[in-house]
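This is what each chain is made of:
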Amino acid sequence: MSVDAIQQLAKAEEQADELLNEAKKQARKEQEESDKRIAHFQEEQDENEEKRKQELREKFDEEFRGIKEPLMEKTQKEVEQLQTISPEMREKALGLIINKVVNEYGN
């Protein structure tokens, strides 16, 4: 083999090594970019999920208030109505309740 052929072969091997190293570097760079895009996508998904959870909480809170408020008003009206009962009537009702309990569960 001639010296020229050996030099060309060595140069070709050098170029192949450089190309291989460049390809590896490019692959690492693309992997890093891909990892960043995946992380960004995951963050967006997490944010969207959190927003959805918050929307559901607000929706259920609103529905709960819609159910709770009429019940509270009704209960308040019933309490006010019961507070208007005279002490004599309360005593009479208490006596009836006590008699019923004693007769059903008595000694």
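Please refer to the structure placed before this passage.
Position labels on residues start from 1 in each chain and follow its written sequence. Residue-level local features of this predicted model are given only where pLDDT is at least 70; pairs of side-chain atoms are given and counted only at 80 or more, and the full residue set underlies all totals for whole chains, interfaces and linings. Side-chain metrics rest on all non-hydrogen atoms present in the structure, leaving aside hydrogens and water.

**Concerning the overall build of the protein chain**
Secondary structure elements follow DSSP: runs of H or I of four or more residues count as helices, runs of E of two or more count as strands, with numbering from the N terminus. Helices and strands together make up the secondary structure of the protein chain, namely 2 helices and 0 strands. In this description the radius of gyration comes from C-alpha coordinates, and the expected globular size is given by 2.2 Å times residues to the power 0.38. For 107 residues, the compact-globule formula gives about 13 Å, and the C-alpha radius of gyration of the protein chain, at 42 Å, lies well above that figure. A 1.4 Å probe rolled over the protein chains alone gives each residue an accessible area, and that area as a share of the maximum for its type sets the label: buried under 20%, exposed over 50%, partly exposed in between. Out of the 107 residues in the protein chain, the part that is buried amounts to 0%. Each accessible area is a Shrake-Rupley result for a 1.4 Å probe, and residues are judged covered by the shown protein chains and nothing else. For the protein chain, the exposed area adds up to about 10,500 Å²; of that, 55% sits on carbon and sulfur atoms. We score Asp and Glu as negative and Lys and Arg as positive, and we do not count His or the chain ends. Throughout, a charge is located at the NZ atom of Lys, the CZ atom of Arg, the CG atom of Asp or the CD atom of Glu. With 19 positive and 28 negative side-chain charges, the protein chain shows a separation of 6 Å between the mean positions of the two kinds.

**Section: the environment of Lys92**
Here Lys92 is to be found in helix H2 (residues 87–105). On a C-alpha basis, the gap between Lys92 and Gln81 in space is 17 Å, while along the polypeptide they are 11 residues apart.

**Quick notes on a negative patch on the surface**
In this scheme, patches are assembled from residues that exceed 30% relative accessible area and form no salt bridge. Like charges are connected within 9 Å, while nonpolar side chains (Val, Leu, Ile, Met, Phe, Trp, Tyr) are connected within 5 Å. Every case where a carboxyl oxygen of Asp or Glu lies within 4 Å of a side-chain nitrogen of Lys or Arg is listed as a salt bridge. A cluster of like negative charges, contributed by Glu43, Glu44, Asp46, Glu47 and Glu49, occupies part of the molecular surface. Inspection of the secondary structure puts Glu44 in helix H1 (residues 3–83).

**Here we look at the pattern of salt bridges**
Evaluation of the coordinates by the stated rule reveals 3 salt bridges. For Glu50, the salt bridge goes to Arg57, with nearest N and O atoms at 3.9 Å. Judged by relative accessible area, which is 40%, Glu50 ranks as partly exposed. You can call Arg57 partly exposed: its relative accessible area is 40%.

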